[in-house]
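The lines below spell out each chain.
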Amino acid sequence: MATLELFNTLSGAIEPLLPVGAPDLRMYCCGPTVYDYGHIGNFRTFLHVDVLRRFLRQGGIPVKHVMNITDVDDKIIRNAATHGMSIGSYSRKFEDAFFEDLDALGIERPEHIPHATEFIPEMVSLIEELGRRDMAYQAEDGSWYFRVANDGSYGKLSKKDLAHIEDGARVDVDEEKDAARDFALWKAVKGNEPQWETPLGPGRPGWHIECSAMAGKLLGPNFDLHAGGEDLMFPHHENEIAQSECATGETFARHWMHVRFLLVEGRKMSKSEGNFFTLRDLLLKGHRASAIRFLLLSVPYRNQMNFTFDGLTESTHAIERLRTFHQRMVKGGFAAGRDAAIGDLTHKAETDFTAALVNDLNTAGARAAIFDLVRAANSAADAGVLRGENASEILDVLAKFDGIFAVLQDRDAELTRAALAWAEKEGRLNEADPDLLATLAFSDAEIDALVAERTLAKRQRNFARADAIRNELLAKGILLEDGKDGVRWKRK
RNA sequence: GCACCGAUGGCGAAGUGGCUAACGCGCUGGUCUGCAAAACCAGUAUUCAUGGGUUCAAAUCCCAUUCGGUGCUCCA
């Protein structure tokens, strides 16, 4: 397979991404700070990183992927206090929720998931090394800061005009720091906040040093790729580079991938705009996990994407079509043999699919290649030209597609039920869509009984009664489909 | 204020110098059906925000304008 060509923020150019110095591709992706439930903007980033790792592995490149969990920070401390919970149990709760959400969205687990609080000694030695190299200093209150002025290459990732930032009115003036843009490596303890006794003095780590310590420990001083949301580019990633490279003298990550922001209904997602959604919010409204995944992947990672409810409906329909087509191929019943023209189209779809992803992970293009195949194959099947061997070749291509997009297997109902069970436990069932609840409250047995009655009515050509039952079920969100093999029903 | 990104059909969106501007959804028509639904098929932008320029050739490059978004501060 051709080598993936991925945009590199550091160089500003599209470059091949290959493992260097190790058989597997070593990558680090900034994980969540577990202070609340994840929102769909968070998941857009993790979803696109998931596509990256799935595609690399599909191309035969093993991946060593590290994603951290920030389990101590100001927001966790604040929220835990207001909920009367310990820091540990509070962050644990949201970490568990985060992984449930990743599973619901079909996001694979990284190979390593380190917790910030487990790497305090590594952070301390990193800061000590920076101190020895005159890149860090301790302020009067005991906090440690990074001395930006001594780092000649500071700003190389975000290409900031540093002089301008220094003049900026929005940088807080901190009495403790030597320079406004110096950033905290180690925070001296305040009050009874969580703290660690270390050679640096008592305190807790700054945010940026966590990632440098964990990436350095698990991936080595230099590695292949560092990924994250675009907002992390500055200052977080810039600071990671500064700390790591000044301490080790080596290039930190060679390749940097940034996923662009998500808009919701055309505006930046924010609680005050009323367009802030967690994954759980959407599941409770009756949207399917698969549709959310598919929609968030439908726009390539480097483009800003507008998340809308119309888009969610569209994705739901698109997935239905793909699943129906997949079932048609699985079911088979085609004449033996192979049609050469369909075989060529199948091969072209596969080639186009891979070519799109090789080209800076063009997920929209990859999707289009598969829909081309769906249309061509359906036409061929309708015309009776599609043969058994064609179907199995097509299934291979669909497997390749689903190895990246992961939407063909229908786990949606199960995931929605899980979300409802969670809402019930949290006393938030009132946030669920009433229609969704009504539909789920209707038992399968009740539905089956009505469907049977309707089938009987139809056989007696009592269409008025049959249609009345169909409408009654429809009003409760149950759709009936009369197929050749009997009646199929599904919840809307 | 400074910096950066974007503007493609009803909606979402690919395409970044050269065949009829992908693909999805929607819509319209058709097949199927007792009628529907579902599924499938077909059709659906002479044109790429606006104005100028470069070129044999521009949605694609350059300049200006308008609008939208983002960063500079915790944020995926």
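Thresholds applied
Residues numbered from 1 in each chain as written. Chains lettered and ligands numbered in written order. Predicted model: local features only at pLDDT ≥ 70, side-chain atom pairs only at ≥ 80, totals over all residues. Heavy atoms only, no water. Near = heavy atom within 4 Å. Polar contact = N/O pair within 3.5 Å; in protein donor to acceptor, adjacent residues only side chain to side chain. Helix = DSSP H or I, 4+ residues; strand = E, 2+ residues; numbered from the N terminus. Nonpolar A, V, L, I, M, F, W, Y, C, P; charged D, E, K, R; others polar. Phe/Tyr/Trp six-rings, centres within 6.5 Å; stacked < 30°, edge-to-face > 60°. Buried < 20%, exposed > 50% of the residue type's maximum accessible area, 1.4 Å probe, protein only. Lys NZ or Arg CZ within 6 Å of the ring centre and 35° of its normal. Pairing = 2+ DSSP bridges. Contact = heavy atoms within 4.5 Å. Axes fitted to C-alpha atoms, helices over the stretch in contact; angles between N-to-C directions. Disulfide = S-S within 2.5 Å.

**Q** How do you make sense of the protein's contact with RNA strand B when you look at a structure like this?
**A** Around RNA strand B sit 52 residues in total, of which Trp207, Arg267, Asn303, Gln304 and Asp382 are the nearest. Restricting attention to atoms of RNA strand B within 4 Å of the protein, one finds that 66% of them are sugar or phosphate atoms. Contact distances for RNA strand B include 2.8 Å between a base nitrogen and a side-chain N or O atom of glutamate 314. Within the side chain of arginine 375, one N or O atom sits 3.1 Å away from a phosphate oxygen of RNA strand B. Broken down by element, the residue count for the surface near RNA strand B peaks at nine residues, all from helix α12 (residues 363-383). Looking at the surface near RNA strand B residue by residue, the classes come out as 17 nonpolar, 14 polar and 21 charged.

**Q** Teacher, can you tell me more about the packing of aromatic side chains here?
**A** What characterises a pair of aromatic rings is the spacing of the ring centres plus the angle enclosed by the ring planes. Scanning the model with the defined rule gives 17 aromatic pairs in all. Measuring from centroid to centroid gives 4.9 Å for tyrosine 90 and phenylalanine 94, while their planes differ by 55 degrees, and the two rings are tilted. Remark: phenylalanine 94 and tyrosine 90 occur in helix α3 (residues 87-104); sequence separation between them is four residues, near one turn of the helix. What makes tyrosine 90 buried here is its relative accessible area of 2%. Judged by its relative accessible area of 7%, phenylalanine 94 is buried. Put simply, the rings of Tyr37, Tyr90, Phe94 and Trp422 touch in pairs and so form one group of aromatic residues. Positioned over the ring face of phenylalanine 7 is arginine 302, at 4.0 Å from the centre of the ring. One cation-aromatic arrangement involves lysine 476 over phenylalanine 442; the distance from NZ or CZ to the ring centre is 4.7 Å.

**Q** Sorry if this is basic, but what is going on with the sheet that holds strand β12 (residues 267-268) here?
**A** Two strands in a sheet stick together by hydrogen bonds in their backbones, pointing the same way (parallel) or opposite ways (antiparallel). If you walk across this open sheet you meet the three strands as β12-β11-β13, and the pairing is mixed. Of all strands in the sheet, those with a lone pairing partner are β12 and β13 (305-307), marking the two edges. Where strand β11 (residues 262-264) lies against β13, three bridges are found, and the strand directions are parallel. Paired with leucine 263 across the two strands is asparagine 306, which belongs to β13. Lying over the sheet, helix α1 (residues 40-58) contacts β11 and β13, oriented at roughly 145 degrees with respect to β11.

**Q** Before we go on, may I ask you to explain the state of the cysteines in this structure?
**A** In total, this model carries zero disulfides according to the counting rule given. For cysteine 29, which is in no disulfide, the shortest distance to another cysteine sulfur is to cysteine 30 and amounts to 6.5 Å. Free of any disulfide, cysteine 30 has its nearest cysteine sulfur in cysteine 211, 4.0 Å distant. For cysteine 30, a relative accessible area of 7% translates into the label buried.

**Q** I keep staring at the sheet that holds strand β3 (residues 25-29) and nothing clicks. Help me out?
**A** Spatially, β4-β3-β9-β10 is the arrangement adopted by the four strands of the open sheet, whose pairing is parallel. Only two strands of the sheet have a single partner each, and these edge strands are β4 (63-67) and β10 (253-259). Neighbour-to-neighbour, the strand axes of the sheet open up by a mean angle of 20 degrees, direction not taken into account. Of the strand pairs in this sheet, β3 and β4 are connected by five bridges, and their pairing is parallel. Counted as the bridge partner of methionine 27 is histidine 65 from β4. Sitting on the sheet, helix α6 (residues 207-219) touches β3, β4 and β9 (223-229), and the angle it makes with β3 is about 160 degrees.

**Q** How should the side chain of arginine 54 be read in this particular structure?
**A** Within the secondary structure layout, arginine 54 lies in helix α1. Residue arginine 54 is classed as buried on the basis of its relative accessible area, which comes to 12%.

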